[in-house]
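Report on the structure
Each chain, written out:
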Amino acid sequence: GEGDRLTAEVIRLAQDAETELERQKDLLRQIHRYSGLWGRRRGLRLTPAPPPPPPSPPPPRPTDPAGAVLPVLVMACDRSTVRRCLDKLLRYRPSAQRFPVIVSQDCGHAETARVIASYGDAVAHIRQPDLSDIPVPAEHRKFQGYYKIARHYRWALGQVFRTFRYRAAIVVEDDLEVAPDFFEYFQAAFPLLLADRSLWCVSAWNDNGKEQMVDVGQAELLYRTDFFPGLGWLLLAELWDELEPKWPRAFWDDWMRQPEQRRDRSCVRPEVSRTMTFGRKGVSHGQFFDQYLKFIKLNDRFVPFTQLDLSYLKKEEYERSFLPKVYAAPEVRVEELQGNRRRELGAVRLQYSGRDSFKAFAKALGLMDDLKSGVPRAGYRGIVSFVYRGRRVYLAPPSDWTGYDPSWS
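All of the points below concern the structure found in this document. (Residues numbered from 1 in each chain as written. Predicted model: local features only at pLDDT ≥ 70, side-chain atom pairs only at ≥ 80, totals over all residues. Heavy atoms only, no water.)

What to know about the environment of Leu86
So the rule is basically this: Each helix is a run of DSSP H or I of at least 4 residues and each strand a run of E of at least 2, with the numbering of both proceeding from the N terminus.
Mapping Leu86 onto the fold places it in helix H2 (residues 82-92). The spatial distance from the C-alpha of Leu86 to the C-alpha of Tyr119 is 8.8 Å, given a sequence separation of 33 residues.

Focus on the pattern of salt bridges
Rules: One speaks of a salt bridge when a side-chain nitrogen belonging to Lys or Arg is within 4 Å of a carboxyl oxygen belonging to Asp or Glu. Burial here depends on accessible area, computed with a 1.4 Å probe over protein chains only, as a share of the maximum for the residue type. Under 20% is buried, over 50% is exposed, and the range in between is partly exposed.
This structure, assessed with the given rule, holds 32 salt bridges. A salt bridge links Arg262 to Asp226, with the nearest nitrogen and oxygen atoms 3.6 Å apart. Of this pair, Arg262 sits in helix H8 (residues 259-262) while Asp226 sits in the loop between strand E7 (222-225) and strand E8 (233-236), and the two are 36 residues apart along the sequence. Comparing Arg262 with Asp226, the two get one shared label, buried. Note that Arg381 and Glu319 form a salt bridge whose closest N and O atoms lie 4.0 Å from each other. In this pair, Arg381 sits in the loop between strand E13 (375-376) and strand E14 (384-388) while Glu319 sits in helix H10 (residues 315-328), placing the two residues 62 residues apart along the sequence. Glu319 sits in the partly exposed class, given a relative accessible area of 23%.

Quick look at the sheet that holds strand E15 (residues 391-396)
Threshold: Paired strands, as defined in this entry, are two strands with at least two bridges between them according to DSSP. Axis definition: a line fit to C-alpha positions, over the contact stretch in the case of helices; interaxial angles, taken between N-to-C directions, run 0 to 180 degrees.
Pairing is mixed in the open sheet, where 3 strands are placed in the order E11-E15-E14. Edge positions in the sheet fall to strand E11 (348-351) and E14, since each of these pairs with one other strand and no more. Sheet twist, expressed as the mean angle between neighbouring strand axes with direction ignored, is 30°. Looking at chain direction, E14 and E15 are connected through 5 bridges and run antiparallel. What sits directly across from Ser385, in E15, is Tyr394.

Some words on the pairing of strand E4 (residues 168-173)
Of all 6 residues that make up E4, 5 are buried, and the element is covered over most of its length. When strand E1 (residues 72-76) meets E4, the two strands line up parallel, connected through 4 bridges. Counted as the bridge partner of Leu73 is Val171 from E4. In the sheet, E4 pairs with E8 via 4 bridges, with the strands oriented antiparallel. Residue pairing in the sheet places Val171 in a bridge with Trp233 of E8.

Function-wise, these values are silent; they only describe arrangement.
Dropping the structure here:
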């Protein structure tokens, strides 16, 4: 109500004041530095001018999430269509101070470099220095691209967290277009990531986010998922501290999905995706693009996430509310769903008993049916929530589920 709106407004004003204060402090520091230099130069007319001072390092990692700086790291290579990605990021970002855009370019592609340079100071352009081929096992020769991507990620994340010392970062690839509330979503979910150690990422992506499989009327709905989605995701510097020493040579995203890395942690993901991919050309050569990716619905209705209570996503609360909701839903057979029968039931549950029944049901209903380390896409404790013919369906294991079986892959 009115109270909430006022609170939100006061918080916003406080944030603005804080940002302005930082800017003023920065200016003062520069003035001090230059006046010191000026004084020295007047005393020593004959000495050559000293070199300009190095840019001041970013302020120490703040603990207040409201004023936190969340850089957007754009991973680019040889797609000059990165323009579409950057145009949307710059159009929708609410503040250049709080959301600096850093484009990391691999591959040395001149046309792409020109496009990035055309944005001037609106983005920072960094270049991955090692463009050499990577020695790979003979049977992986055709996967050279995946090795280069892993090398680029390692370098670029190292820059963001080691060189620039940011507290967290949002990672985006050059073929992603973002939704109008992309920044709002990450700003609101960031404190959740700080507070709940059972979360390790926030992702903008719903793997089953095809238009007819989501409820666009519930664009504010968020979930926990055990499947690492990527495709526009937020991580903390602490996670990079943990992953960097063992970062893989290739296939980094599937490596993230292995139990040794995931360690039973979850990500937050939306009902309706806040990113969509327009890049058919890429290392995976359009295999998924034509089947799934090009049908993902990009949210177009701005949701004021920073004014919503997201505490329902904390692990204890989520398990208290989400699991009973799923297992209280009446069970139906797949034929009843396909035949559009028993409509009066509202939300329903379709139970699978093993890998084969999961895959069969997923295929029959148009869900992504692949499992990575035994985890279904968008799944939480084995449960996949989606919309089928206009009704909410939970594809779920029995309620005595005890964990994922990595042999289901």
